[in-house]
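What the coordinates show
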Amino acid sequence: MPELAFSRRAMLSGLGAAGLSAALTGCGVPAAYVPEERRGGPDRSEGERSVSFSNWPLYIDTDEEDEERRPTLDAFSRRTGIEVRYTEEINDNDEFFGKVGPALMNRQDTGHDLVVVSDWMAARFVHLGWAQRMDREAQPNVGRHLDPQLRSPAFDAGRLHTVPWQSGITGIAYDRRALGREIRSVRDLWKPDLAGKVTLFSGLDESFALLMQGDGVDVTRWTESDFHRMCDRVEDLVRRRHIRRFTGNDYTSDLSSGDVLACQAYSGDAIQLQADNPDIEFVVPEEGGELWAESLLVPNLARHKANAEALVDHYYDPEVAAELAASVNYVCPVPAAREVLAGSGDRERAELAGNPLVFPDEEMRRRLAVARDITSVERRALARRWNAIVGL
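For clarity, every value in this text was computed on a predicted model and none was experimentally measured. Each chain carries its own residue numbering, running from 1 in the direction its sequence is written. With the structure being a predicted model, the display of local features is reserved for residues of pLDDT at least 70 and the display and counting of side-chain atom pairs for 80 or more, all residues being used for whole-chain, interface and lining totals. Where side-chain values are given, they derive from all heavy atoms of the structure, hydrogens and water being excluded.

Considerations on the overall build of the protein chain
- Helix and strand definitions follow DSSP, with helices as H or I runs of at least four residues and strands as E runs of at least two, each counted in order from the N terminus. Scanning the protein chain for helices and strands turns up 16 helices and 10 strands.
- This radius of gyration counts C-alpha atoms alone. The globule rule is 2.2 Å times how many residues there are, raised to the power 0.38. In summary, the protein chain has a C-alpha radius of gyration of 21 Å against a globular reference of 21 Å for 392 residues, a match within 12%.
- Here the term buried applies to any residue with accessible area under 20% of the maximum for its type, exposed to any over 50%, and partly exposed to those in between, with areas from a 1.4 Å probe on protein chains only. Counting all 392 residues of the protein chain, 55% fall into the buried class.
- The contact definition used throughout considers only heavy atoms, calling two residues in contact when any of these lie within 4.5 Å. For the protein chain, the proportion of contacts with a sequence separation of at least 24, taken over those separated by at least 6, is 78%.
- For every accessible area listed, the method is Shrake-Rupley and the probe measures 1.4 Å; residues are considered covered only by the protein chains on display. Summed over all atoms, the accessible surface of the protein chain reaches about 16400 Å², with 48% contributed by carbon and sulfur.
- Charge convention: Lys and Arg are scored as positive, Asp and Glu as negative, and His as well as the terminal groups of each chain are ignored. A single reference atom marks each charge: NZ on Lys, CZ on Arg, CG on Asp, CD on Glu. Put simply, the protein chain has 47 plus and 65 minus side-chain charges, and the middle of one group is 5 Å from the middle of the other.

Here it is, written out as structure tokens:
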């Protein structure tokens, strides 16, 4: 299981990428846009049986006796003869964008065949025309097994350029025993007994959707007025010192130590917190929670596109998806993997199949929504206001 010291959704923005984003905006983003027909290059997949795959740390299965071995990747190589050059080099979405952005903007190969970024960053790649359209005819598992709720995000209708690697839920975690009551709604966070004992995420993309859902907003089509109304509420809470602080991935230590009693949280972290403290509860608020994903994409001019597409489809085989889900404990984007785990002879794996934080049931799914992404036109003004509130 991934260590709590690291949370992929909560990483702060890198300065290098902020500068690149400003440069793109300043010179006009359309100048950086690459049309579909100019994104591909010579595909060397047939002659070079390899693929370069870059991911986040602690985000794949490992062998219990040898952490350098990754069983699902090894199985792919044995079956296809394709060697996977796997690197854990993505520590921050914006930092990675700053690293590969200059090459993509100048129509150059990045050296990456397949990468995993959060969907809000994947949206930036798609809008700039920096992600290639995948060949779904070569990916029957994706077509058959991709979670219907993740099939068509606003930024990539029909999932033509991206495929979820893992998914998750933004909700509320709290210490039920220490608080002495249940939390069912975002509004419950603002009650007097939680004054100074609540944390929210500092990242705009990580925090805004759940807070707007608490105001009754349909986040699949939120407006700027919805956003500013939410900010007005948060500003007032900061002024009254109701919010203890804004956090990155360190929110887990605050909750574990008792410094806070309730906080915005991710479902994958909650499973690990509960292993140490069974009094920790994770709730999808009655107004709804955000369903998010971190997705695979093939950057422009990738040298081994067909090999990358084969690797993506490998992870949509339910048997493989089950192996990965059992290791990382995030929401599995392959619902069919649930039956694989349920039929396992291993008690812990079989129990995982019934965990709604890994395989959401229908009641939970009715309260989950994939938020509309923040457009490049909106981002500068909205980020300026949010960052002023949280002190970034």
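Section: the environment of Gly268
- Along the chain, Gly268 turns up in helix H10 (residues 267–276).
- Distance in space between the C-alpha atoms of Gly268 and Leu357 is 7.3 Å, their sequence separation being 89 residues.
- Gly268 has contacts with Asn329 and Tyr330, leaving out every residue within four places of it along the chain.

Points about the packing of helix H7 (residues 204–213) against helix H8 (residues 224–239)
- For helices, the fitted axis covers only the stretch in contact; all axes are lines through C-alpha atoms, and the angles between them, taken along N-to-C directions, range from 0 to 180 degrees. Remark: H7 packs on H8, axes separated minimally by 10 Å, with the N-to-C direction vectors making an angle of 90 degrees. Of the possible angle classes, the one that applies to H7 and H8 is roughly perpendicular. Between H7, through Leu204, Phe208, Leu211 and Met212, and H8, the contact on the second element is made entirely by Asp226, Phe227, Met230 and Val234.
- The residue makeup of the contact of H7 with H8, split by class, is seven nonpolar, no polar and one charged. Our angle categories are set so that under 35 degrees counts as roughly parallel, over 145 as roughly antiparallel, 65 to 115 as roughly perpendicular, and the remainder as oblique. Residue type decides the class: Asp, Glu, Lys and Arg count as charged, Ala, Val, Leu, Ile, Met, Phe, Trp, Tyr, Cys and Pro as nonpolar, and the leftover types, Gly among them, as polar.

Concerning the side chain of Asp61
- Tracing the chain through its elements places Asp61 in the loop between strand S1 (50–54) and helix H2 (71–80).
- Salt bridge, as used here, is a side-chain nitrogen of Lys or Arg placed within 4 Å of a carboxyl oxygen of Asp or Glu. Although Asp61 is buried, it makes no salt bridge; Arg70 carries the closest opposite charge, 7.5 Å away.
- We define a polar contact as two N or O atoms separated by no more than 3.5 Å, with the added condition that, inside protein, one atom must be a possible hydrogen donor and the other a possible acceptor, whereas residues neighbouring each other in sequence contribute only through side-chain atom pairs. At a separation of 2.6 Å, a polar atom in the side chain of Asp61 contacts the side chain of Thr72.
- Aside from chain neighbours lying at most four places away, what touches Asp61 is Arg69, Arg70, Pro71, Thr72, Glu323, Leu324 and Ser327.

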